[in-house]
Amino acid sequence: MNNISSVVITLMNPNLCEEVATKIDEILNCEVAAKENDKIVAIIESADLDGELTTFRMLEQLEGVSTVAMIYSYQDLEGDISKANSNDIGSIVRKIDEMDVKDIKYNGNPNI
């Protein structure tokens, strides 16, 4: 595993702490480090940034979870940098610059 991060998970109800902690421990490469009342601290290990984000989103979707906040994240970015360098980013950026703003669509899922 090249990436490791910790998150604080806030629950909707402190009575759900044990139930949610059990669900977290069932997620591959994720473990509960501490829990008390309506807060759980979990550790995420992943091979890359995509895996880390996938696990983060899985935690957000657990029933009883109010919020998930990334507290610490260490990433070995060599693989991500190599992947980015293998793309022709210059031609992609030029293509975007040449597009009409009305034709650009955002498909992300920002969490604020």
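Our subject is the structure listed above.
In every chain, residue numbers begin from 1 and rise along the written sequence. In keeping with the predicted nature of the model, local features appear solely for residues at pLDDT of at least 70, side-chain atom pairs appear and are counted solely at 80 or more, and the whole-chain, interface and lining totals rest on all residues. In computing side-chain values, all of the structure's heavy atoms are included and hydrogens and water are not.

> What is the right way to read the environment of Glu36 from this model?
Each helix is a run of H or I in the DSSP string that is no shorter than four residues. Each strand is a run of E no shorter than two, and both are numbered from the N terminus. Position of Glu36 among the secondary structure elements: in strand E2 (residues 30–36). Glu36 sits in the exposed class, given a relative accessible area of 58%. For every residue, the accessible area (1.4 Å probe, protein chains only) is compared with the maximum for its type, and the residue is labelled buried under 20%, exposed over 50%, or partly exposed between those bounds.

> Could you clarify how one ought to interpret the sheet that holds strand E1 (residues 3–11) in this entry?
Strand-to-strand pairing in sheets goes through backbone hydrogen bonds, with the strands running parallel or antiparallel. A pair of strands is labelled paired if DSSP reports no fewer than 2 bridges between them. Across the sheet, four strands lie side by side as E2-E3-E1-E4; this open sheet has antiparallel pairing. Whereas interior strands pair on both sides, the edge strands pair on one side only; in this sheet they are E2 and strand E4 (65–74). Pairs of neighbouring strands in the sheet enclose a mean axial angle of 20 degrees, with direction left out of account. Relative to strand E3 (residues 39–46), E2 is paired through six bridges, and the arrangement is antiparallel. Paired with Cys30 across the two strands is Ile44, which belongs to E3. Along the sheet, helix H2 (residues 49–61) makes contact with E1, E2, E3 and E4, crossing E4 at roughly 155 degrees. Only the stretch in contact is used when a helix axis is fitted, and all axes are lines through C-alpha atoms; the angle between N-to-C directions ranges over 0 to 180 degrees. A contact between two residues is defined here by any heavy atoms of the two lying within 4.5 Å.

> Even after reading the chapter, I still don't get the side chain of Ser5, so can you show me in this structure?
Tracing the backbone through its elements, the reader meets Ser5 in strand E1. On the basis of relative accessible area, Ser5 is assigned to the buried category, the value being 1%. Nitrogen and oxygen atoms within 3.5 Å of one another constitute a polar contact, given that in protein one can donate a hydrogen and the other can accept it, and given that sequence-neighbouring residues count only through two side-chain atoms. Within the structure, Ser5 has its side chain in polar contact with the side chain of Glu52 (distance 3.1 Å). Apart from residues lying up to four places away in sequence, Ser5 is in contact with Ala42, Ile43, Ile44, Glu52, Met70, Tyr72 and Ser73.

> Even after reading the chapter, I still don't get the nonpolar core, so can you show me in this structure?
If you look at soluble globular proteins, the nonpolar side chains tend to sit buried side by side. Definition of nonpolar core: a set of buried residues of the types Ala, Val, Leu, Ile, Met, Phe, Trp, Tyr and Cys, connected through side-chain atoms within 4.5 Å. Of all hydrophobic cores here, the largest spans 18 residues; its most connected members are Val7, Ile9, Ile24, Ile40 and Leu59. Only E1, helix H1 (17–25), E2, E3, H2 and E4 provide two or more residues apiece to this core. When neighbours within four sequence positions are excluded, Leu59 is seen to be in contact with Val7, Ile9, Ile24, Ile27, Cys30, Ile44, Val65 and Val68.

Any functional reading would require information beyond the geometric quantities listed.
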